[in-house]
Amino acid sequence: MSLIAAAFALSLTAAPAAEPTPMTFEGWINFSGEEFQLVESENRYRAGTRRPCVSGSLPRDLQRMSASTIGRQKVRVTGTAMEWSEDLPGHRYEYEGSVLRNECDGAFVILGTDISVIQ
C-alpha cells in the first residue's frame, strides 16, 4: 500500500477498534536516531527531498539492527498506524524502547513490528 493510500485508509477508519489492525507500508527508508522516515518516491528520495514522508519506529533492537543494515533501500514495514498528537509529553512517543519524534510532522506515525527489503 502506498503511503498516500495508507493515509487515506487511516482517515476512513476513524471509529476506534478494539485491536489495531496491522498494515503494510512501502517506501524508501531513511533512519534518524530511533526513528525512520518512509518516502514514497524513489526520485524524491534520491534527490534529497524527504517530504512528504511518514515517520515511524521499530522496537529498539530491531530499529538499531535495521539502521545499520537496511538504510537507503526500498522496504516494506508491517505495523500499525497511530494518530499523532502534539499533546504528547515532550512531543515524543516511546515505542518499545525507541523514541519517536515524528520528524515528518505527519498526522500519523507507524509503530512497526517487522521490516524487510523489497528486491
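Everything discussed here concerns the structure shown above.
Described below are features of the structure shown in this document. (Residues numbered from 1 in each chain as written. Predicted model: local features only at pLDDT ≥ 70, side-chain atom pairs only at ≥ 80, totals over all residues. Heavy atoms only, no water.)

### Quick word on the overall build of the protein
A count of helices and strands for the protein gives three helices and seven strands. For the protein, the α and β elements follow one another from N to C terminus as α-β-β-α-β-α-β-β-β-β. Among the 119 residues that make up the protein, the fraction classed as buried is 36%. Pairs at least 24 residues apart make up 66% of the contacts formed inside the protein by residues separated by at least 6 positions. Counting every atom, the protein has about 6,800 Å² of accessible surface; 51% of that belongs to carbon and sulfur. (Helix = DSSP H or I, 4+ residues; strand = E, 2+ residues; numbered from the N terminus. Buried < 20%, exposed > 50% of the residue type's maximum accessible area, 1.4 Å probe, protein only. Contact = heavy atoms within 4.5 Å. Areas by Shrake-Rupley, 256 points an atom, 1.4 Å probe, with all protein chains shown as cover.)

### Brief notes about the side chain of Gln37
Along the chain, Gln37 falls in strand β2 (residues 35-39). A polar contact of 3.2 Å, which involves the side chain of Gln37, links it to the side chain of Glu35. Looking at Gln37, its side chain comes within polar contact range of the side chain of Glu103, at 3.4 Å. Those residues in contact with Gln37 that lie beyond four places of it in its chain are Trp28, Ile29, Asn30, Phe31, Ser32, Cys53, Val54, Ser55, Glu103 and Cys104. (Polar contact = N/O pair within 3.5 Å; in protein donor to acceptor, adjacent residues only side chain to side chain.)

### A word on the pairing of strand β1 (residues 23-32)
Summarising burial for β1: seven of the ten residues are buried, a large majority. Inspection of the sheet shows β1 paired to strand β4 (residues 74-83) by six bridges, in the antiparallel sense. Looking across to β4, one finds that Met23 is bridged to Gly79. Taken together, the five bridges between β1 and β2 define a ladder with antiparallel strand orientation. Within β2, the residue paired with Ile29 across the bridge is Leu38. Adjacent in sequence and paired antiparallel, β1 and β2 are bridged by two residues, among which Gly33 carries a positive phi angle near 65°. (Pairing = 2+ DSSP bridges.)

### Brief notes about the packing of aromatic side chains
This structure, assessed with the given rule, holds one aromatic pair. Consider the rings of Phe25 and Phe108, whose centres lie 6.3 Å apart with planes at 35°: the pair is tilted. Of this pair, Phe25 sits in strand β1 while Phe108 sits in strand β7 (residues 108-117), and the two are 83 residues apart along the sequence. Accessibility assignment for this pair places Phe25 and Phe108 in one class, buried. (Phe/Tyr/Trp six-rings, centres within 6.5 Å; stacked < 30°, edge-to-face > 60°.)

### Looking at the state of the cysteines
Taken as a whole, this structure holds one disulfide when the rule is applied. Here Cys53 engages in a disulfide with Cys104; their sulfurs sit 1.9 Å apart. On the sign convention where negative means left-handed, the S-S torsion of about -115° between Cys53 and Cys104 marks this disulfide as left-handed. You can see Cys53 sitting in the loop between α2 (42-46) and β3 (54-57) and its partner Cys104 sitting in the loop between β6 (98-100) and β7, a full 51 residues away along the chain. There is no split in this pair, since Cys53 and Cys104 are both buried. (Disulfide = S-S within 2.5 Å.)

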